[in-house]
Amino acid sequence: MTPAHPADPAHPADPAHPAGPAHPADPAHPAGSVREIDISPELEALAALAPVHYRESFTVAIDSAAPSAETAERWARRVLERAPWTARAQMLTAWTLLGIPLAPPWSRSQVLGWRILYSAPTAIVLESRAAAGVTARLVFHVSETQLTQAMLVRYNHPPGRYIWTRLAPKHRSFIKALLTRAGRISPA
């Protein structure tokens, strides 16, 4: 079943912000500081994936001095497409081995091969469907002080559950590193 990932009890979720509380001046949460949180109902609804068998979500403090023109799509591109080439190669290799048909790189309706299902200034939803038996949706939500990334996975076939439960711990570490890096680099 879905692993439980409790939100940080020191910072209860703020219902006014789907991604949880903001920490603009909190030295305990400097730019690039990543925390694991519960997925808000708003972001889970935005992903529009049912049933959901696995979910994870992280929030990263971002520099509140960053331009307000930093849309969720630009953040998604920063996290995935501006990752170090070794990380991008790892992602593309893993996705290919899982049988994920990536969108062509010249297509404007994709982010590093993941198809864009929904895009608005503050949120974007990306999707991939793997022949290995999983459908995944990534949601990026941005506010003035934080970026939240949520991943929701549906097992389409029994092998999908087997494969994803073995990949999930590595994925969690990998995405945390990507978010940390993206939260610390200057806007593009």
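See the structure above.
All of the points below concern the structure found in this document. (Residues numbered from 1 in each chain as written. Predicted model: local features only at pLDDT ≥ 70, side-chain atom pairs only at ≥ 80, totals over all residues. Heavy atoms only, no water.)

**Focus on the packing of aromatic side chains**
For the structure shown, the criterion picks out two aromatic pairs. Relative to Trp114, the ring of Trp95 lies with its centre 5.6 Å away and its plane at 70 degrees, an arrangement referred to as edge-to-face. Of this pair, Trp95 sits in helix α3 (residues 85-97) while Trp114 sits in strand β4 (residues 114-120); the two residues are 19 residues apart in sequence, bridging distant segments of the chain. Classification of Trp95 as buried rests on a relative accessible area of 10%. One Lys or Arg, Arg78, reaches over the ring of Trp75 and ends 3.9 Å from the middle of that ring. (Phe/Tyr/Trp six-rings, centres within 6.5 Å; stacked < 30°, edge-to-face > 60°. Helix = DSSP H or I, 4+ residues; strand = E, 2+ residues; numbered from the N terminus. Buried < 20%, exposed > 50% of the residue type's maximum accessible area, 1.4 Å probe, protein only. Lys NZ or Arg CZ within 6 Å of the ring centre and 35° of its normal.)

**With respect to the environment of Met151**
Its place among the elements puts Met151 in strand β7 (residues 146-155). Its relative accessible area of 4% is what places Met151 among the buried residues. Considering only alpha carbons, one finds Met151 and Arg172, 21 residues apart in sequence, at a separation of 9.9 Å. With sequence-adjacent residues up to four places away left out, Met151 is seen in contact with Ile39, Tyr54, Arg55, Glu56, Trp114, Ala136, Arg137, Leu138, Trp164 and His171. (Contact = heavy atoms within 4.5 Å.)

Nothing here speaks to function; it is all geometry.
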